[in-house]
Amino acid sequence: MISFDAIRQRAEQRKGGAAALQAMLEKHRPDHDRLRTMPDDRILADMTRRIFYSGFVQKVIDAKWPGFEAAFYGFDPAMLNIAPDDYWHELTSDERIIRNGAKIMAVRANAAFVRELAKEYGSAGAFFADWPREDQIGLLDLLSKRGSRLGGMTGQYFLRGIGRDSFVATMDVLACLRSAGVPLSASGTAKKDQPLIQQAFNAWAEETGLSFNHLSRISAYSIDAVGPH
């Protein structure tokens, strides 16, 4: 695998120089101290936002977000865990939100998931902040199995959204990994690809001292891939 310095130089050339690239990165620093104290309702709210973003235009979800907050009791996991079946059924016709039944029920399941994490670790934020950085794929697997609709890119964007230091394997990032010599499959999403991606980011983090967040962004800035970001 090539040195990350070569990837950074390529990103600097594409983005207008070292200072311009650094300015782009400064806006995206992970914050585990903030994450550790993040209330459980905000964790659930971000889970929900990411789930509803998938398959919808994000600005539509953002415009309706005050309605989501009201309809879901401010995403209070305790309240949602005791909400009766009728409440959830009525949400499927509630015009304050996007009336997607499967995603609405994912909120119910994830409210229980967040409550479980809080009971086990003191808070969901503490759990996500303290999970070992070098095992992000393990955390993503847990999200996929214990959460609802939190697999794939949704889980990756959720982790970044709450401030956890994490990579996001966009098409550009996968293309950068391949160009660096990582033998990924054609899709880059096969089960065997996940440890290869993790190993590459672990190696780059050790080499550079950079966060996964910045490594991921520099990788994406360094190359153009065909397909969505």
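- Naming follows an unreviewed UniProt entry, where the protein chain appears as DNA-3-methyladenine glycosylase I of Rhizobium redzepovicii.

### Observations regarding the overall build of the protein chain
Right, so step 1: Summing up its helical and strand segments, the protein chain has 14 helices and 0 strands in all.
Right, so step 2: Traced from its N-terminal end to its C-terminal end, the protein chain shows the element sequence α-α-α-α-α-α-α-α-α-α-α-α-α-α.
Right, so step 3: In terms of overall size, the protein chain behaves like a compact globule, its C-alpha atoms giving a radius of gyration of 19 Å where 229 residues would be expected to give roughly 17 Å.
Right, so step 4: When the backbone C-alpha atoms are referred to their principal axes, the protein chain occupies close to 55 × 35 × 35 Å.
Right, so step 5: Summarising the internal contacts of the protein chain: among those between residues at least 6 apart in sequence, 67% fall at separations of at least 24.
Right, so step 6: For the protein chain, the computed accessible surface area is about 10,800 Å², with 52% contributed by carbon and sulfur atoms.
Right, so step 7: On the protein chain, the mean spot of the 29 positive side-chain charges and the mean spot of the 28 negative ones are 4 Å from each other.

### Some remarks on the nonpolar core
Right, so step 1: In this structure, Ile 43, Met 47, Phe 72, Trp 88 and Phe 128 are the most contacted members of the largest nonpolar core, which totals 42 residues.
Right, so step 2: When residues of this core are traced back to their parent elements, those giving at least two are α4 (40-53), α5 (58-71), α7 (85-91), α8 (101-121), α9 (124-130), α10 (136-146) and α11 (152-161).
Right, so step 3: Leave out the neighbours within four places in its chain, and Ile 43 touches Leu 35, Met 38, Val 114, Ala 124, Gly 125, Phe 128, Phe 158 and Ile 162.
Right, so step 4: Formed by 27 residues, the second largest nonpolar core is a distinct cluster that contains Phe 4, Leu 184, Ala 200 and Tyr 221.

### Some thoughts on the environment of Phe 113
Right, so step 1: With respect to the helices and strands, the residue Phe 113 is situated in helix α8.
Right, so step 2: Overall, the relative accessible area of 1% leaves Phe 113 in the buried class.
Right, so step 3: As a C-alpha pair, Phe 113 and Gln 156 span 43 residues in sequence and 17 Å in three-dimensional space.
Right, so step 4: Filtering out sequence-adjacent residues up to four positions away, Phe 113 remains in contact with Met 47, Leu 142, Leu 143, Arg 146, Gly 147 and Leu 150.

### Remarks on the side chain of Arg 160
Right, so step 1: Within the secondary structure, Arg 160 sits in helix α11.
Right, so step 2: Buried and without a salt bridge, Arg 160 has Asp 165 as its closest oppositely charged side chain, separated by 7.1 Å.
Right, so step 3: One polar contact links the side chain of Arg 160 to the main-chain carbonyl oxygen of Ser 166, over a distance of 3.3 Å.
Right, so step 4: When near neighbours in sequence (up to four residues on either side) are disregarded, Arg 160 contacts Ser 166, Phe 167, Val 168, Asn 213, Ser 216 and Arg 217.

### Re the packing of aromatic side chains
Right, so step 1: A complete count under the given rule lists 17 aromatic pairs for this structure.
Right, so step 2: Both rings, one in Phe 52 and one in Phe 68, keep their centres 4.9 Å apart while their planes meet at 80 degrees; by these two values the pair is edge-to-face. Separated by 16 residues along the polypeptide, Phe 52 in helix α4 and Phe 68 in helix α5 bring together distant segments of the chain.
Right, so step 3: A residue is classified by how much of its surface remains accessible, and Phe 52, at 0% relative accessible area, is buried.
Right, so step 4: Since its relative accessible area comes to 0%, Phe 68 is described here as buried.
Right, so step 5: Pairing Phe 72 with Trp 88 gives two aromatic rings, centres 6.3 Å apart and planes at 45 degrees, and the pair type is tilted. Taken as a pair, Phe 72 in the loop between α5 and α6 (77-82) and Trp 88 in helix α7 lie far apart in primary sequence, 16 residues in all. Note on accessibility: Phe 72 and Trp 88 belong to one class, buried.
Right, so step 6: Here Arg 49 stacks its cationic end above the ring of Trp 65, 4.2 Å away from the centre of that ring.

### Regarding α10
Right, so step 1: Those residues of α10 that sit buried are Gln 136, Gly 138, Leu 139, Leu 140, Leu 142 and Leu 143.
Right, so step 2: Packing partners of the buried residues in α10 comprise α8, α9, α11, α13 (193-208) and α14 (212-221).

### A short note on unusual backbone geometry
Right, so step 1: Despite not being glycine, Tyr 73 shows a phi value in the positive range, around 55 degrees.
Right, so step 2: Following the sequence through the fold, Tyr 73 ends up in the loop between α5 and α6.
Right, so step 3: One non-glycine residue, Arg 149, lies in positive phi territory at about 60 degrees.
Right, so step 4: Mapping Arg 149 onto the fold places it in the loop between α10 and α11.
Right, so step 5: Judged by relative accessible area, Arg 149 falls into the partly exposed class, the value being 44%.

Rules behind the numbers
What you see as residue numbers is a count from 1 along each chain, following the sequence as written. Given that this is a predicted model, residues contribute local features only at a pLDDT of at least 70 and side-chain atom pairs are listed and counted only at 80 or more, while totals for whole chains, interfaces and linings are drawn from all residues. Only heavy atoms go into the side-chain values, all of them from the structure, while hydrogens and water stay out. Counting from the N terminus, the helices are DSSP H or I runs at least four residues long and the strands are E runs at least two residues long. The quantity called the radius of gyration is restricted to C-alpha atoms. Its globule counterpart is 2.2 Å times the number of residues to the power 0.38. Here, two residues are considered to be in contact whenever any of their heavy atoms come within 4.5 Å of each other. In short, Shrake-Rupley with a 1.4 Å probe defines the accessible areas, and a residue's cover is counted only from the protein chains shown. Residues scored as positive are Lys and Arg, those scored as negative are Asp and Glu, and His as well as the terminal groups of each chain are ignored. Charge positions come from single atoms, namely NZ of Lys, CZ of Arg, CG of Asp or CD of Glu. Throughout this description, the term nonpolar core refers to a set of buried Ala, Val, Leu, Ile, Met, Phe, Trp, Tyr and Cys residues connected via side-chain atoms within 4.5 Å. Whether a residue is buried, partly exposed or exposed follows from its accessible area with a 1.4 Å probe, protein chains only, as a fraction of its type maximum: under 20%, in between, or over 50%, in that order. The salt bridge criterion pairs a side-chain nitrogen of Lys or Arg with a carboxyl oxygen of Asp or Glu, the two atoms within 4 Å. For this analysis, a polar contact is any N or O atom pair within 3.5 Å, provided that within protein one partner can donate a hydrogen and the other can accept it, and provided that sequence-adjacent residues contribute only side-chain to side-chain pairs. Whether two aromatic rings pair depends on their centres lying within 6.5 Å, for rings of Phe, Tyr and Trp, where Trp uses its six-membered ring; planes under 30 degrees apart make the pair stacked, over 60 edge-to-face, and the rest tilted. Any Lys NZ or Arg CZ found within 6 Å of a ring centre and within 35 degrees of that ring's normal is scored as a charge over the ring.

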